[in-house]
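# An overview of the molecular structure
Spelled out from the first residue to the last, the chains are:
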Amino acid sequence: MLFECTPKSSYMIKKVVHHVTNTEAEKHHKKYKERNVTSKSILKDRKNLSNMLEKRKLLKIIHHKENDMEKKKIQRKEKRKGTQVPIFSKRYIKHLKRQARRNRTMEGERLFELGTRVLKHSKSHKEKEEAFLLFARAADMGNLKAMETMADALLFGDLHPQNISAAIALYESLANEGSHKAQNGYKYLSGINVLQNCEAALFHYKNVASYIADKLEKNDGVPVEKVRLAERPENLSTNSEILDWDVYQYYRFLAERGDIQIQVSLGQLHLIGRKGLEQDFYKALYYFLKAAKAGSANAMAFLGKMYLEGNPAVPQSNITAFKYFSMAANKGNAIGLHGLGLIYFHGKGVPVNYPEALKFFQKAAEKGWPNAQFQLGFMYYSGSGVWKDYKLAFKYFYLASQSGQPLAIYYLAEMYATGTGVLRSCRTAVELYKGVCELGRWAEKFLTAYFAYKDGDINSSLVQYALLAEMGYEVAQSNSAFILESQMATILKKDQMYPMALLLWHRAAVQGNAFARIKIGDYHYYGYGTKKDYQTAVTHYSIAVDKYRSAQAMFNLAYMYEHGLGISKDIHLARRLYDLAAETSPDAHIPVFLALLKLEMMHLIKDFRFYKYNMKWRWLKLENTLGPNWDLFFIGLIIVLLIILLRNWLE
């Protein structure tokens, strides 16, 4: 049966359909709404997340910048305190390394200074050991001065057993580090264990000489006392280089009695510490004041010098210095005139005035004061207040250098090294630089070596002289050779001493020592340390005669001509050389007289032999001609001849 649709049923169907339709529409709308809400919330969340990430990034950047700024602040603060916060950047690591090196250097200097103070005031062996322990710690930290001290200690056996190989290794290390003490231009100059190279020697000597010249310009130079041991032993105790204690006491007595010259001399000795006396400014001031009150111009000038430089005894005072220099200059004193020149040149208490300084320097230079001659040379060399004139500079430097003015020698070396105002000469420059280098503090070993020798510590003296000899000191080479020749040292075998002495005499002779040149001749004549070689002996004696006019060499060469040793026999030349020896030195008169007497006697005996044995004169019978007492006649004749010769020598 078909379903029949009535109006009521139709209405119900419509309602149901409408309900279903509405329900589905609501569901669809709800789903759409929910979908809409979800997408909006997602977009909102994304936006919020993006904003949050941006904020985080921004905050991170801000925080990083704040951290950097804070770290820099901390670094600056810590840097002032000497420490820093570790930052592991390459730049900061380098900075830390530099800081560590700086701290290490400062600590090394502190330890060295502490060790120096302890050693200076040490009175016991234990205190000296403490000082050397401090030096060792400073040396471990790279302090050059401490390393030099330890090298000396190893070389000379101070407090510890001697270790020469370790000392040499340390000196070589110091040379590579640029230590002035370890530089050795002498080996390049003389070709010792290396090829002879003047330019290399110039490089080494120039470095050290510049360092010494800088010290000298600051009045920090060290006077060097060089005692020659090759003198006669009886003269050694009164050597002019060292003032004997008894002589010093006698000088003090004379000074207290009012001897002005002695007062000035003692003041000078104490002012710079010469002739074995320690530097004592208070004693220098005492003697200068006494002499100045008595009217000594030199004492006034030296007082001006003390006040100009300042020292523990007197404060630095340009006004007082000017007063004393003026008082001395008014008396025509060269030192006072030079002092006034320095005041105007450097502007000490007065405006710099080069023309006025030039005027005072010229006046002092005319009186022969070498420091004033140097200052004039320097003004022309540097163009200070005058036109540069290298010829005049050379002239004044040369004049001052003849009196041993060290800065003048240095500037002469500079001129020869660079060819300024003169023809360049490497050899001359090296010799001049060498003279300046030998004024360094290491030359203090001359005194300690001398006193060790005088006290009987021959081994210690030899080692110290040998070190100075290796540095090129001619006096040290001669002294080392003298000690070896005496065979008093026990650190070498007997058969090693003469060959080493010959080597050292040779090095000293190359540097211009006439006595060393004669010694080389003696060694070859007698066969000491080498085989006998008369020809070589004649060569060295001839050099000593031609170059140094040595009376001893003339006598030795005359003897060799007389006997025909290593050279053709020539009696006439022998006589001439004997005469020259007597003319050259008064000390040679007696030896020459005896040598000539012997020569004439031998010549006379030979004539007698000739008359006796020659066939031509055999017929002569002296008894018939001169009588039975002919021998007495000849003795009387010889006596008359001797009297005539003696009168000639006395005239």
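Structure shown above.
All of the points below concern the structure found in this document. (Residues numbered from 1 in each chain as written. Predicted model: local features only at pLDDT ≥ 70, side-chain atom pairs only at ≥ 80, totals over all residues. Heavy atoms only, no water.)

## As for the overall build of the protein chain
When its secondary structure is counted, the protein chain shows 30 helices and zero strands. Relative to its 651 residues, the protein chain shows a buried fraction of 37%. Considering only contacts within the protein chain whose residues lie at least 6 apart along the sequence, 48% involve residues at least 24 apart. Summed over its atoms, the accessible surface of the protein chain is roughly 39800 Å², and 57% of this surface lies on carbon and sulfur atoms. (Helix = DSSP H or I, 4+ residues; strand = E, 2+ residues; numbered from the N terminus. Buried < 20%, exposed > 50% of the residue type's maximum accessible area, 1.4 Å probe, protein only. Contact = heavy atoms within 4.5 Å. Areas by Shrake-Rupley, 256 points an atom, 1.4 Å probe, with all protein chains shown as cover.)

## Topic: the environment of glutamate 356
Along the polypeptide, glutamate 356 turns up in helix H15 (residues 354–366). Sequence separation between glutamate 356 and glycine 385 is 29 residues, and the spatial gap between their C-alpha atoms is 9.8 Å. In this structure the side chain of glutamate 356 is engaged in a polar contact, spanning 2.9 Å, whose partner is the side chain of lysine 359. (Polar contact = N/O pair within 3.5 Å; in protein donor to acceptor, adjacent residues only side chain to side chain.)

## What to know about the side chain of glutamine 373
In this structure, glutamine 373 sits in helix H16 (residues 370–382). Looking at glutamine 373, its side chain comes within polar contact range of the main-chain nitrogen of alanine 400, at 3.4 Å.

## Observations concerning a positive patch on the surface
On the surface, Arg91, Lys94, Lys97, Arg98, Arg101 and Arg102 cluster together to form a positively charged patch. With respect to the helices, strands and loops of the structure, arginine 101 is situated in helix H2 (residues 90–120). Assessed through its relative accessible area of 51%, arginine 101 is described here as exposed. (Patch = residues over 30% accessible without salt bridge, like charges linked within 9 Å, V, L, I, M, F, W, Y side chains within 5 Å. Salt bridge = Lys/Arg side-chain N within 4 Å of Asp/Glu carboxyl O. Lys, Arg positive; Asp, Glu negative; His and termini not counted. Charge placed at Lys NZ, Arg CZ, Asp CG, Glu CD.)

## Observations regarding the packing of helix H7 (residues 198–217) against helix H18 (residues 406–418)
In contact at an axis separation of 10 Å, H7 and H18 are set at 145 degrees when each is read in the N-to-C sense. Two packed elements cross with a definite hand, and for H7 against H18 that hand is left-handed. Contact residues: H7 offers Leu202, Lys206, Ala209, Ser210, Ala213, Leu216 and Glu217, while H18 offers Pro406, Leu407, Tyr410, Tyr411, Glu414 and Ala417. Grouping the constituent residues of the contact of H7 with H18 by class yields nine nonpolar, one polar and three charged. (Axes fitted to C-alpha atoms, helices over the stretch in contact; angles between N-to-C directions. Left-handed = near helix turned anticlockwise from the far one by under 90°. Nonpolar A, V, L, I, M, F, W, Y, C, P; charged D, E, K, R; others polar.)

## Observations regarding the state of the cysteines
For the structure on display, the rule yields one disulfide. One disulfide in the model links cysteine 198 with cysteine 426; its S-S distance is 2.0 Å. Between cysteine 198 and cysteine 426 the sulfur-sulfur dihedral comes to about -115 degrees; the bridge is accordingly left-handed. Here cysteine 198, found in helix H7, pairs with cysteine 426, found in helix H19 (residues 426–437); they are 228 residues apart in sequence, far enough to count as distant. Exposure remark for cysteine 198: the relative accessible area of 26% places this residue in the partly exposed category. (Disulfide = S-S within 2.5 Å.)

## Considering the packing of aromatic side chains
For the structure on display, the rule yields 33 aromatic pairs. Both rings, one in phenylalanine 374 and one in tyrosine 411, keep their centres 5.9 Å apart while their planes meet at 35 degrees; by these two values the pair is tilted. Placement of phenylalanine 374 in helix H16 and of tyrosine 411 in helix H18 is noted, with a sequence separation of 37 residues between them. Classification of phenylalanine 374 by relative accessible area gives buried; the value is 6%. Measuring from ring centre to ring centre gives 4.9 Å for tyrosine 498 and tyrosine 528, while their planes differ by 15 degrees; the resulting arrangement is stacked. Within this pair, whereas tyrosine 498 is found in helix H23 (residues 494–510), its partner tyrosine 528 is found in the loop between helix H24 (514–526) and helix H25 (534–548), the two being separated by 30 residues in sequence. Three or more aromatic residues joined by ring pairs make a cluster, and in this case those are Phe345, Tyr354, Phe361, Phe374, Phe378, Tyr381, Tyr390, Phe397, Tyr410, Tyr411 and Tyr433. The ring of phenylalanine 360 carries lysine 359 above its face, with NZ or CZ at 5.1 Å from the centroid. (Phe/Tyr/Trp six-rings, centres within 6.5 Å; stacked < 30°, edge-to-face > 60°. Lys NZ or Arg CZ within 6 Å of the ring centre and 35° of its normal.)

## Overview of the packing of H7 against H19
The relative placement of two packed helices comes down to the angle between their axes together with the axis-to-axis distance. Two elements in contact, H7 and H19, have axes separated by 8 Å at closest approach and are oriented at 35 degrees. Pair H7 / H19 crosses with left-handed handedness. Within the contact between the two elements, H7 uses Cys198, Glu199, Ala201, Leu202, Tyr205, Lys206, Val208, Ala209 and Ile212 and H19 uses Cys426, Arg427, Ala429, Val430, Tyr433, Lys434, Val436 and Cys437. The residue makeup of the contact of H7 with H19, split by class, is 13 nonpolar, no polar and four charged.

## Here's the deal with the pattern of salt bridges
Taken as a whole, this structure holds 10 salt bridges when the rule is applied. Between lysine 206 and glutamate 414 there is a salt bridge whose closest N-O contact spans 2.7 Å. Of this pair, lysine 206 sits in helix H7 while glutamate 414 is found in helix H18, placing the two residues 208 residues apart along the sequence. Judged by its relative accessible area of 32%, lysine 206 is partly exposed. Residue class for glutamate 414 comes out buried when judged on its relative accessible area of 13%.

## Considerations on H25
Its 15 residues place the ends of H25 21 Å apart at the C-alpha level, agreeing with the 21 Å of an ideal helix rising 1.5 Å per residue. All of the buried residues along H25 are Ala537, Val538, His540, Tyr541, Ala544 and Val545. For H25, the buried positions fall inside an angular range of 170 degrees around the axis, keeping them on one side. Set apart from the buried face of H25 by more than 90 degrees, the exposed residues are Gln535, Asp546 and Lys547. Looking at the buried residues of H25, the elements they touch are H24 and helix H26 (551–563). Between a side-chain oxygen at the N-terminus of H25 and the backbone nitrogen of glutamine 535 the separation is 3.3 Å; the capping residue is aspartate 533. (Expected span 1.5 Å × (residues − 1). Arc of directions from axis to C-beta.)

## A short note on the nonpolar core
The biggest cluster of nonpolar side chains holds 75 residues, and the ones touching the most others in it are Tyr205, Phe288, Phe397 and Tyr433. With 10 residues, H18 is the single largest residue contributor to this core. In this structure, phenylalanine 288 is in contact with Val264, Gly267, Gln268, Leu271, Ala299, Phe302, Leu303 and Met306, ignoring residues within four places of it in sequence. Formed by 32 residues, the second largest nonpolar core is a distinct cluster that contains Leu467, Ala469, Ala476 and Ala501. (Core = buried A, V, L, I, M, F, W, Y, C linked by side-chain atoms within 4.5 Å.)

## Observations regarding a nonpolar patch on the surface
Taken together, the side chains of Leu637, Val640, Leu641 and Ile644 make up a nonpolar region of the molecular surface, amounting to roughly 330 Å² of accessible area. Within the fold, leucine 637 resides in helix H30 (residues 630–650). Assessed through its relative accessible area of 40%, leucine 637 is described here as partly exposed.

## Points about helix H17 (residues 390–401)
In this model, H17 (12 residues) spans 16 Å end to end at C-alpha, consistent with the 16 Å of a helix rising 1.5 Å per residue. The complete set of buried residues in H17 reads Ala393, Tyr396, Phe397, Ala400 and Ser401. Buried residues along H17 cover an arc of 135 degrees about the axis, so they all sit on one side. If you follow the buried residues of H17, they end up packed against H16 and H18. Capping the start of H17, aspartate 389 holds a side-chain oxygen 3.2 Å from the backbone nitrogen of lysine 391, two or three residues further along.

Read these as geometric descriptors, not functional statements.
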